[in-house]
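# Structural overview
Residue-level listing of the chains:
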Amino acid sequence: MSEISLEGSIRSYVAEIRRLSPDPDRLDSAIANSPGASRPRSSARSYRWSPLAIGLASLLLCAAVATAATGVLSSAVDSFLGGGDPPGRQLSGGEVPSWLQPTPGFNAPDKVSVVASAGDEHLYAYRQENYICFDYGHHVGECRSPAEWRGELEKRKLFIRGPLGGSTWFGLSGSGIASIRVEYSDGPPTEAAVTDGGFVLNADRDRDPQRLSGLDASGAVVAEQPLDG
Amino acid sequence: MRGPRGHSPIKAQESSPAQSNDAVAAQVLRALRGNAAAEEWIAHRAYAAGLRLATFSLDDANLAQDVGQEVAIRVLRGLPKLRDADRFDAWTYRICAAEIKRAAKKRQRHDWRPFSEGAEVSVEATFTQSLGDRDWLVQALGRLSERQRLVLGLHFVFGLDDREIAAAIRARRGTVRSLLSRALARLRELAELESEMSLDREGAVANQNKEAVR
């Protein structure tokens, strides 16, 4: 058998294998035996929350070494936690991300907003049942009770949240922060505006990010968070 | 896809997932929010991945269904811990690999197959008659170690490169390249032997025909 026919044999065998389908009974059994599967959850709470980004990319973001300043929630987020509309620009129709669109068996949120954006990446906010949810692009999201969010967000002024390992950083910030700056071991910093208490920033992971700073409208640093590379 | 270093380029089949990574991530997010249809979709995708890889690696239809089912259960149970929906497939492949290793060990314990990893079985004892390409390949794959078959399966069934395979089986890339290279070399060796034996068989038949004519 020549090498060409060896390749052909593998290809045709793989093509045959790809036509295999799960046994429907076993699939049903798998779904039925999975906790929470195949039935709408009573709340979005079972949806994991992505903890404070302890690492970004392969970097480790030092957790919770924040500034001494105690944060106060931005007015938009504060209002949202208090029962108001989601902060930022309200989305409608096809603008709403596909995974939040109404579908059978899914209790879709009434209002979804974009808090901040960078390119195609968006920080979304919405309320689902009694939970406050933030989605970090299409990567990950978290839903928590307003009290839980408040307890968390009042501790500091800067929070990086969302997926680990990417160059796009999502975050929430306290009041008085107008922009975010990432400083590197080399080269100019990256800055992004804070809108309605949130930000999305495209960081340059290759330049060894060292520090995340929150700046007020005058450009003064009002919050800092070291980034441990 | 770039093939592993050190062997001639047998191109891997692209996995050609029907859905883009974004679409998969969207389904994952829907499932995490309790969308039953999305959960079923996720379960089906995970089951199919386990079933297909196990079929290639284990060549046992029942065992492959067991693996697929187990992968689906583990994926559904572990979904809330998945940190990035973009990495769903990579995570599923890791679970598939782990389940196949477990199934292979179980099979070895029960001695379901006459050969096991590293066992030397003479080619002649197995290839006693001319086989079709498909059957030949299945038998030849049986001559490889469990790990070689798993790596080949990840390469050809899912179209993963050596880096992705290394992540799936938690091994070094160099180890994966070596496994792939040796597996393909062994298959070629078996193919050459089969080819020679096939020629011998044809020659023997021709001689018998000549004798019969006389």
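Figured I'd write up the structure that's included with this text. (Residues numbered from 1 in each chain as written. Chains lettered and ligands numbered in written order. Predicted model: local features only at pLDDT ≥ 70, side-chain atom pairs only at ≥ 80, totals over all residues.)

## Observations regarding the overall build of chain B
Along chain B, the regular secondary structure elements total nine helices and zero strands. Mapped from its N terminus to its C terminus, chain B presents α and β elements in the order α-α-α-α-α-α-α-α-α. Here chain B holds 214 residues, and the buried ones make up 44% of them. Residue pairs at least 24 apart in sequence account for 68% of intrachain contacts in chain B once pairs closer than 6 positions are excluded. (Helix = DSSP H or I, 4+ residues; strand = E, 2+ residues; numbered from the N terminus. Buried ≥ 20, exposed ≤ 12 C-beta atoms within 10 Å, placed from the backbone. Contact = placed C-beta atoms within 7 Å.)

## Details of the sheet that holds strand β6 (residues 131-136) of chain A
Residues and elements named next belong to chain A. Strand order across the open sheet formed by five strands is β3-β4-β5-β6-β7, with antiparallel pairing between neighbours. Lying at the two open borders of the sheet, with one neighbouring strand each, are β3 (89-90) and β7 (140-144). Strand direction decides the pairing type here: β6 and β7, joined by five bridges, are antiparallel. Counted as the bridge partner of Asp135 is Gly141 from β7. (Pairing = 2+ DSSP bridges.)

## Overview of helix α7 (residues 146-156) of chain B
Since there are 3.6 residues in each turn of an α-helix, residues three or four apart along the chain are aligned in direction. Of all eleven residues that make up α7(B), ten are buried, and the element is covered over most of its length. The complete set of buried residues in α7(B) reads Arg147(B), Gln148(B), Arg149(B), Leu150(B), Val151(B), Leu152(B), Gly153(B), Leu154(B), His155(B) and Phe156(B).

## A short note on the pairing of strand β10 (residues 179-184) of chain A
Residue and element names in this part refer to chain A. Where β10 and strand β11 (residues 190-193) come together, four bridges link them in antiparallel fashion. Bridged to Val182 within β11 is Thr190. From the end of β10 to the start of β11, which pair antiparallel, there are five residues, and Gly187 there has a positive phi angle of about 85°. Taken together, the six bridges between β10 and strand β13 (residues 209-215) define a ladder with antiparallel strand orientation. By the bridge assignment, Arg181 is partnered in β13 with Ser213.

## Regarding unusual backbone geometry
For Asp208(A), which is not glycine, the phi torsion reads 55° and is therefore positive. Within the fold, Asp208(A) resides in the loop between β12 (198-202) and β13. Owing to 14 C-beta atoms within 10 Å, Asp208(A) belongs among the partly exposed residues under this scheme. Of note, Arg170(B) is a non-glycine position whose phi angle comes to about 55°, a positive value. Mapped onto the elements of the fold, Arg170(B) is located in the loop between α8 (162-169) and α9 (173-213).

## Remarks on the environment of Glu224(A)
Residues and elements named next belong to chain A. Structurally, Glu224 can be placed in strand β14 (residues 221-226). By the C-beta count within 10 Å, which is 18 here, Glu224 ends up partly exposed. Residues Glu224 and Ile180, 44 residues apart in the sequence, show an inter-C-alpha distance of 9.6 Å.

## Some remarks on the packing of helix α2 (residues 24-32) of chain A against helix α3 (residues 61-78) of chain B
Geometrically, a packed helix pair is captured by the angle between its two axes and the distance between the axes. It is the contact of α2(A) with α3(B), at a shortest axis distance of 9 Å, that shows an interaxial angle of 25°. Overall, the two elements α2(A) and α3(B) adopt an arrangement that is roughly parallel. You can see that α2(A) and α3(B) cross each other, and the crossing is right-handed. Seen from α2(A), the contacting residues are Arg26(A), Leu27(A), Ser29(A), Ala30(A) and Ile31(A); seen from α3(B), they are Gln65(B), Gln69(B), Ala72(B), Ile73(B) and Leu76(B). Looking at the contact of α2(A) with α3(B) residue by residue, the classes come out as six nonpolar, three polar and one charged. (Axes fitted to C-alpha atoms, helices over the stretch in contact; angles between N-to-C directions. Parallel < 35°, antiparallel > 145°, perpendicular 65-115°, else oblique. Left-handed = near helix turned anticlockwise from the far one by under 90°. Nonpolar A, V, L, I, M, F, W, Y, C, P; charged D, E, K, R; others polar.)

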